[in-house]
Amino acid sequence: MDVHTIDGGVGAADVATAHQADLRAQVPHEVSYLRYWVDEAEGKIFCLVDAPDAGAAATVHREAHGLVADEIYQVTEGS
C-alpha cells in the first residue's frame, strides 16, 4: 500500500487519470496496481499494489506520471 500527500488537495479525476497511466506502465515491471482511494480535501491518495518490491512499485509511478509515493507499506490481506 502506498500513500501520497498532495499539498493543497487533489481531484478524483486527476487521480483516475494517473491510475490509468499506472495500468499502462505496470506490466514490464511485474507490478499490478489494483485499487486506489482518494481524500480530495486532505490531498491523500492510497494505492493498493501487488509488486515484487517497493522499488518496482515506485518505478511504475515515476514512469507513468512522476508522482512517487511518500510512503510504501508492505501489508498482508485479512478479512
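Below is a short write-up of the structure. (Residues numbered from 1 in each chain as written. Predicted model: local features only at pLDDT ≥ 70, side-chain atom pairs only at ≥ 80, totals over all residues. Heavy atoms only, no water.)

**Points about the side chain of Gln26**
Put simply, the rule reads: Numbering of helices and strands starts at the N terminus; helices are DSSP runs of H or I of at least 4 residues and strands are runs of E of at least 2. Relative accessibility thresholds used throughout: buried, under 20% of the residue-type maximum; exposed, over 50%; partly exposed, between the two (1.4 Å probe, protein chains only). A contact between two residues is defined here by any heavy atoms of the two lying within 4.5 Å.
Inspection of the secondary structure assignment puts Gln26 in the loop between α1 (12-25) and β2 (32-39). Residue class for Gln26 comes out buried when judged on its relative accessible area of 10%. Every residue in contact with Gln26, bar those within four places of it in the chain, is listed here: Val31, Ser32, Tyr33 and Val60.

**Description of the nonpolar core**
Put simply, the test is: By convention a nonpolar core is built from buried Ala, Val, Leu, Ile, Met, Phe, Trp, Tyr and Cys residues, the set being connected through side-chain atoms within 4.5 Å.
Membership of the largest hydrophobic core is limited to 11 residues, which are Val10, Val15, Ala25, Val31, Tyr33, Ile45, Cys47, Val49, Ala56, Ala57 and Val60. When contributions to this core are tallied by element, the ones reaching two or more residues are α1, β3 (44-50) and α2 (54-64). Apart from residues no more than four positions distant in its own chain, Val49 is found in contact with Val31, Ser32, Tyr33, Leu34 and Ala57.

**Here's the deal with the environment of Gly55**
Among the secondary structure elements, Gly55 is positioned in helix α2. For the pair Gly55 and Ile72, spaced 17 residues apart in the sequence, the C-alpha separation amounts to 9.5 Å.

**Side note on the sheet that holds β2**
The condition is simple: By this definition, two strands are paired if DSSP reports at least two bridges between them. Axes, fitted as lines to C-alpha atoms, cover a helix only where it is in contact. Angles between the N-to-C directions of the axes lie from 0 to 180 degrees.
Taken in spatial order, the four strands of this open sheet run β2-β3-β1-β4, and their pairing is antiparallel. Bordering the open sheet on either side are β2 and β4 (71-72), each of which pairs with just one other strand. In this structure, strand β1 (residues 2-5) lies alongside β4, joined through two bridges in antiparallel fashion. Counterpart to Val3 in the pairing with β4 is Glu71. Running over the sheet, α2 touches β1, β2, β3 and β4 and is turned about 70 degrees from β2.

**Observations concerning unusual backbone geometry**
With a phi angle near 55 degrees, Glu30 is a residue other than glycine that sits in the positive phi range. Looking at the secondary structure, you find Glu30 in the loop between α1 and β2. What makes Glu30 exposed here is its relative accessible area of 66%.

**Focus: α2**
For clarity, the cut-off: Whenever two N or O atoms come within 3.5 Å, that pair is a polar contact, provided that in protein one can donate a hydrogen and the other can accept it, and provided that, for residues adjacent in sequence, both atoms are side-chain atoms.
Turning to α2, its buried residues are Ala56, Ala57, Ala58, Val60 and His61. Of the residues that open α2, the one with a side-chain oxygen 3.1 Å from the backbone nitrogen of Gly55 is Asp53. A positive backbone phi angle near 85 degrees is found at Gly66, which sits one or two residues after α2.

None of the figures reported here should be taken as evidence of function without further support.
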